[in-house]
Amino acid sequence: MNQIEILRFALRGLLANKMRSALTTLGILIGVAAVIMLVAVGEGSSQSIQRNIQRLGANTLTISPSFSGGGGGGAMRGPGGGGANTGPRTQARQLSLADAKALTDKTLAPSVKSVSPVVNASSSTATYGAASHSVAQFVGTYPSYFEAVNKPVAKGTYFFNDDVLAARKVVVLGQTVVEELFGAVDPIGKQISVSGVPFTVVGVLKEAGSTSMQDADDIAIAPLPAVQQSLSGFGSLGQIVVQATGAATTTSAQAEVTAILNQRHGITNDNPDYRVLNQATLQETVSEATGTFTVLLGAVAAISLLVGGIGITNIMLVTVTERTREIGIRKAIGAPRSAILGQFLMEATLLSLVGGLTGVLVAFVGTRFTIAGIEPVLVPSSVVLALGVSLGIGLFFGSYPANRAAKLRPIQALRHE
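Below is a short write-up of the structure. (Residues numbered from 1 in each chain as written. Predicted model: local features only at pLDDT ≥ 70, side-chain atom pairs only at ≥ 80, totals over all residues. Heavy atoms only, no water.)

1. Structural notes on unusual backbone geometry
Glycine aside, residues mostly have negative phi angles, and peptide bonds mostly take the trans form. Despite not being glycine, Ala 167 shows a phi value in the positive range, around 55°. Among the structural elements, Ala 167 can be located in the loop between α5 (161-165) and β7 (170-173). Its identity as a non-glycine residue notwithstanding, Ser 195 has a phi of 50°, on the positive side. Take Ser 195: it is sitting in the loop between β8 (191-194) and β9 (197-205). Residue Ser 195 is classed as partly exposed on the basis of its relative accessible area, which comes to 42%. (Helix = DSSP H or I, 4+ residues; strand = E, 2+ residues; numbered from the N terminus. Buried < 20%, exposed > 50% of the residue type's maximum accessible area, 1.4 Å probe, protein only.)

The structure is reproduced here in structure tokens:
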């Protein structure tokens, strides 16, 4: 008996009980679709997080104050000066413009490309005509900030060093602010009022999109001195954004920045009064974590494939029992053991193949929709792996019923009721 005849007998056996065959393939379908869909969701989540991190710049260091630390030369006391010693810490220092300028020293920090001091004006309400909008982030900084945090201008231009030196009240707006204040009106050259202070719009940022935490386009960026004079006051800095000369020098830039700030702040222990966020390190950590998460999702979904395989075994055992007399007749007229074995293995494999292919189709359709705010990304390797595993399951779990059928003795099979 050749392979075509074995295939014909297998198809005839499956079509003889269509409902049973359909229910058997359903388990494999669910398993394959679940594996592909969950891996796609994990990949989509990973890419979304990566995009959010890349918006800040892959070779960027963000320095912010941390008031839990300090130097190692003094002691802090309770009110009135008579309290107990709480540890060898001096009063934590805030970040200053002098700190930012110190980081531009090419001798001490050769890996640093640019330094952008940042202040944030709180409760900034912008108005234009009758329109009003509370800006989520009103940033005062230097022109280098745009490149460091990957905020290109889509229309108009950003401000320049001359604007910073002259403390000109010019501003670059995010897309959300433009839509709320101007609608369809071109904002370039228009004057808005921010908490009563006039600012001239010189540029509009390229749309960055929103995250689950905040709207990245609800932002306004103006020269640092203009914001300090009008809105925030000449206090401490909220952040210092440092751009390394390249992605490969980000770690060395962090070491140079840390050494300079430790010296300026008198830090002699491992508990500084500032913290440095390294975007490159964060991106690597997130990639590893999301990769593990995606693998776990796929592994959990693969359990349903195992359940589908057990279902194939049960159904094929029932099929062998029902067709015992048929097997006996075929063996009595000369059908070899390999033909019986091949037929039932073919039936199990066909069930897995149909279920697997249908599961791939269902998963492909499912990845076209947003799931829990995440856009799934179909991973080709997961499709190949899930389909391959489904075929392997068909062969593995169908082998026992097939062997059982092939080992039946003709006389015993013919006597079966």
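Next comes the rest of the description.
2. Looking at the side chain of Thr 349
By the secondary structure assignment, Thr 349 is in helix α11 (residues 337-366). Judged by relative accessible area, Thr 349 falls into the buried class, the value being 18%. Ignoring any residue separated from it by four or fewer positions in sequence, one finds Thr 349 in contact with Leu 391 and Leu 395. (Contact = heavy atoms within 4.5 Å.)

3. What about the pairing of strand β10 (residues 219-223)?
Counting buried residues in β10 gives five out of five residues, a clear majority hidden from the surface. Direction of pairing for strand β5 (residues 137-141) relative to β10: parallel, over a ladder of five bridges. When the sheet's bridge partners are listed, Val 139 is paired in β10 with Ile 221. Both β7 and β10 contribute to a ladder of two bridges, which runs antiparallel. Following the sheet pairing, Leu 173 is matched in β10 by Ala 220. (Pairing = 2+ DSSP bridges.)

4. Overview of the environment of Val 365
Inspection of the secondary structure assignment puts Val 365 in helix α11. Put simply, Val 365 and Ala 33 are 332 residues apart on the chain and 10.0 Å apart in space, counted from C-alpha to C-alpha.

5. Digging into the packing of aromatic side chains
Given two aromatic rings, their pairing is described by the distance between the two centres and the angle made by the two planes. Overall, the coordinates contain five aromatic pairs when judged by the stated rule. Their ring planes at 65° and their centres at 5.6 Å tell us that Phe 138 and Phe 199 sit as a pair that is edge-to-face. With Phe 138 in strand β5 and Phe 199 in strand β9, this residue pair connects regions lying 61 residues apart in the sequence. Pair check on accessibility: Phe 138 and Phe 199 agree, each one buried. Residues Tyr 158 and Phe 160 carry aromatic rings whose centres are separated by 5.4 Å and whose planes lie at 55° to one another, so their mutual orientation is tilted. Among the aromatic side chains, those forming a connected cluster through ring pairs are Phe 146, Tyr 158, Phe 159 and Phe 160. (Phe/Tyr/Trp six-rings, centres within 6.5 Å; stacked < 30°, edge-to-face > 60°.)

6. Focus: the side chain of Ser 124
By the secondary structure assignment, Ser 124 is in strand β3 (residues 124-128). Separated by 3.1 Å, the side chain of Ser 124 and the backbone oxygen of Ala 121 make a polar contact. Sequence-distant contacts of Ser 124, that is, excluding residues within four places in its chain, are made with His 133, Ser 134, Val 135, Phe 138, Val 194 and Ser 195. (Polar contact = N/O pair within 3.5 Å; in protein donor to acceptor, adjacent residues only side chain to side chain.)

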